[in-house]
Amino acid sequence: MAISSSPDWSFASTDSYTSKTRKFGLVSSCKTLHFVSFPSSNLPLFHIYSSGCPSSILEDASTNVPITKLGLNVHDSKQFSLPDVGNLNRFLCGLFQDSHSEELAYDYYEKAKQRPGFIPEKPMLKLLIRYLVQYKKWDLIMSLSKDFKHYHILPDSYTCSRLINTSIRARKLKVVETLLEVFKSDEEVAVVAFNSAMAGYNKLHMFRRTIAVYETMKFNGIFQDSESYCQIMEAYNQIGDMDKVSSLFDEFESRKLNLTPVAPRIYSILCESLAKSGLTYEALEYFRDMTKKGIFVSSSVYSSLIRSFASIPDLTVVEELFKEAKERRMVRDPEVFLKLVLMYIEEGLLEKTLEVVRVMKNANIKVSDCIFCTVVNGFSKRRGFQSAIVVYEELILQGCKPGQVTYASIINAYCRIGLNSKAEMVFSEMEQKGFDKCVVAYSSMIAMYGKAGRIRDALATG
């Protein structure tokens, strides 16, 4: 089940019962309580509104319905007695649905709990939780968790999941622990709530807590679905326990759980984990298995595999994967391009580095200063300063933008072969762009002026 991370606790997802409770809307300056008795029902309905600003919902009521009016000051709950037990939940829903009466509604909820026979219902609990979360009343949420136990009732799964997620984002970890302890009593709610907790902790990089939540699920016999495996595998992947990732995947497959909703994610985690641990060819096997089964392959899987095979290096596999990823527009990670450039330099295939840059330009991916500098330095190391200068000027014409590191490298190249005027021009350009703290560039210029006998210029540069 997908878990929303939105902080908005709206009325949009309340069920049909809750929509009926809109007849109890309370707006500002409310002073009149109406008991409306319909001929078809013996249950009184309650309308609280100000005669000066009638609700559009209330206007739908038939003018032939007899109305009994009682005065009510919304700021003083002592002046009003609660309706009978059978109508308490509807009444509270009406109060909670109006922002002007939410605080009053909570007071009435506390009074309602003292009534024999009162049992909170799910729609009302949803609105109550919405109010407590919006106003960050975490102590009252802890108190509410006791009510869940006392009345043996929980909100719907979606509300429980969002409550867990919101509590984690607010770093209310004690609240999360308390709620999970309560939610584990209901199998359906428990699975969704515990999954939400693991997802929330993973987002905050609190992977050890994710593992603790998963262990609690297992200890208490809570069913672990495919989403549970995704979250726990991600946690172990992030802490570098690749053996655990593999064993969990094997366990997941053996249980024959529904793979469809999580297949791209769970395979991606497995492939990335294997690639990072050096089991690149095993990762490639699972990758090919994904493509055979028609499972969507994310860009992160391509990136992980390409980086891993570039480190070996296996040029055949790297170029095959890179071509495939390029055709599918799946390579956007600058680190992949840097890894390719380094691989080609190490293998002496310098022209291939220029092809990588062209691919980046065609894909509208910025050629970083790091990649630009690596290409220039690669040519400098393998073929000398003159070749590095030619490549630098070619890449400038292609629209590549040098940064401080690239400027330092090319200034050094100009200085080394005696192109002093070029060095001065690029050095001035570098300073104009704000790169005026590069020690390497300044050292190159001072050395150049020293060799040329231009002592004053050397002193001025220093």
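Look above for the structure.
Within each chain, residue numbers correspond to sequence positions counted from 1 in written order. Confidence filtering applies because this is a predicted model: local features only for residues at pLDDT of at least 70, side-chain atom pairs given and counted only at 80 or more, and all residues used for totals across whole chains, interfaces and linings. Values reported for side chains reflect all heavy atoms of the structure, with hydrogen atoms and water molecules removed beforehand.

### Looking at the side chain of Asp147
Labels follow the DSSP assignment, with helices taken as runs of H or I lasting at least four residues and strands as runs of E lasting at least two, numbered in each case from the N terminus. Position of Asp147 relative to the elements: it lies in helix H5 (residues 138-151). Burial status follows relative accessibility: with a 1.4 Å probe on protein chains alone, a residue under 20% of its type maximum counts as buried, one over 50% as exposed, and anything between as partly exposed. The exposure class of Asp147 is buried, given its relative accessible area of 10%. Apart from residues lying up to four places away in sequence, Asp147 is in contact with Tyr109, Lys113 and His152. Any two residues having at least one pair of non-hydrogen atoms within 4.5 Å are treated as being in contact.

### So, helix H19 (residues 385-397)
Between its terminal C-alpha atoms H19 stretches 19 Å, which fits the 18 Å expected from 13 residues at 1.5 Å a residue. By the burial criterion, the buried members of H19 are Ala388, Ile389, Val391, Tyr392 and Leu395. What you see down the axis of H19 is that its buried residues fit within an arc of 165 degrees, all on one side. Each element contacted by the buried residues of H19 is listed here: helix H17 (350-362), helix H18 (369-383), helix H20 (404-416) and helix H21 (420-432). Following H19 by one or two positions, Gly399 has its phi on the positive side, about 100 degrees. Here the expected span of a helix is defined as 1.5 Å times the quantity of residues minus one. As used here, the arc belongs to the directions running from the helix axis to the C-beta atoms.

### Observations regarding the nonpolar core
Definition of nonpolar core: a set of buried residues of the types Ala, Val, Leu, Ile, Met, Phe, Trp, Tyr and Cys, connected through side-chain atoms within 4.5 Å. Ranked by size, the top nonpolar core spans 137 residues in total, and within it Leu128 and Phe183 carry the most contacts. Once residues lying within four places of it in the same chain are set aside, the contact partners of Phe183 are Phe148, Leu154, Cys160, Leu163, Ile164, Val189, Ala190 and Ala193.

### A word on the environment of Tyr135
Along the chain, the position of Tyr135 falls in the loop between helix H4 (122-134) and H5. The exposure class assigned to Tyr135 is partly exposed, which follows from its relative accessible area of 44%. When the C-alpha atoms of Tyr135 and Glu103 are compared, they prove to be 10.0 Å apart, with 32 residues separating the residues in sequence.

### Digging into the packing of aromatic side chains
Given two aromatic rings, one states the distance between the centres and the angle between the planes to describe the pair. Within 6.5 Å between ring centres, the rings of Phe, Tyr and Trp (the latter by its six-membered ring) count as paired, and their orientation is classed by plane angle as stacked under 30 degrees, edge-to-face over 60, tilted in between. Counted according to the given criterion, the structure contains 17 aromatic pairs. Seen in terms of ring centroids, Phe91 and Tyr108 are 5.6 Å apart; in terms of plane orientation they differ by 70 degrees. Their pairing is edge-to-face. Taken as a pair, Phe91 in helix H2 (residues 88-96) and Tyr108 in helix H3 (residues 102-112) lie far apart in primary sequence, 17 residues in all. Relative to Tyr151, the ring of Phe118 lies with its centre 6.2 Å away and its plane at 80 degrees, an arrangement referred to as edge-to-face. Remark: Tyr151 occurs in helix H5 and Phe118 occurs in the loop between H3 and H4; sequence separation between them is 33 residues. Residue Phe118 is classed as buried on the basis of its relative accessible area of 3%. The structure contains a cluster of three or more aromatic residues connected by ring pairs, namely Phe96, Tyr106, Tyr109, Phe118, Tyr131, Tyr135 and Tyr151.

### Quick look at the pattern of salt bridges
The rule for a salt bridge is simple: a side-chain nitrogen of Lys or Arg has to be within 4 Å of a carboxyl oxygen of Asp or Glu. One pass over the structure, following the stated rule, counts 16 salt bridges. The partner of Arg265 in a salt bridge is Glu227, and the shortest N-O contact between them spans 2.8 Å. One end of the pair, Arg265, is in helix H12 (residues 263-276); the other, Glu227, is in helix H10 (residues 226-238), with 38 residues separating them in the sequence. Note on Glu227: relative accessible area 12%, which makes it buried. A salt bridge links Glu393 to Lys422, with the shortest nitrogen-to-oxygen separation between them at 3.4 Å. Of this pair, Glu393 sits in helix H19 while Lys422 sits in helix H21, placing them 29 residues apart in sequence. We classify Lys422 as partly exposed; its relative accessible area is 32%. Within the structure, one salt-bridge network assembled from shared partners comprises Glu110, Lys113 and Asp147.

### Let's talk about the packing of H12 against helix H14 (residues 299-311)
A pair of packed helices is captured by two measures, namely the crossing angle of their axes and the spacing between those axes. To obtain each axis, a line is fitted to C-alpha atoms, and for helices this fit is confined to the stretch in contact; angles are then taken between N-to-C directions over 0 to 180 degrees. Across the interface, H12 lies against H14 with an axial gap of 9 Å and an inter-helix angle of 15 degrees. Classed by the angle they form, the pair H12 and H14 counts as roughly parallel. When the axes of H12 and H14 are compared, the crossing they make is left-handed. Of H14, the residues touching H12 (which contributes Ser268, Cys271, Glu272, Ala275 and Lys276) are Ser300, Val301, Ser304 and Ser308. The residue makeup of the contact of H12 with H14, split by class, is three nonpolar, four polar and two charged. Throughout this description, any angle smaller than 35 degrees is read as roughly parallel, any larger than 145 degrees as roughly antiparallel, any in the 65 to 115 degree range as roughly perpendicular, and the remainder as oblique. Each crossing is labelled by how the near helix is turned from the far one, with a counterclockwise turn of less than a right angle marking it left-handed and a clockwise turn marking it right-handed. Gly is placed with the polar residues, together with every amino acid not listed as nonpolar (Ala, Val, Leu, Ile, Met, Phe, Trp, Tyr, Cys and Pro) or charged (Asp, Glu, Lys and Arg).

### A look at unusual backbone geometry
Glycine aside, residues mostly have negative phi angles, and peptide bonds mostly take the trans form. Geometrically, the link from Ile312 to Pro313 is a cis peptide bond, its omega value of -10 degrees lying close to zero. When you line up the elements, Pro313 lands in the loop between H14 and helix H15 (315-327). Not every positive phi belongs to a glycine, and Lys256 is a case in point at roughly 55 degrees. Residue position: Lys256 is located in the loop between helix H11 (242-254) and H12. Even without glycine at this site, Arg329 takes up a positive phi of about 55 degrees. As for its placement among the helices and strands, Arg329 is situated in the loop between H15 and helix H16 (334-346).

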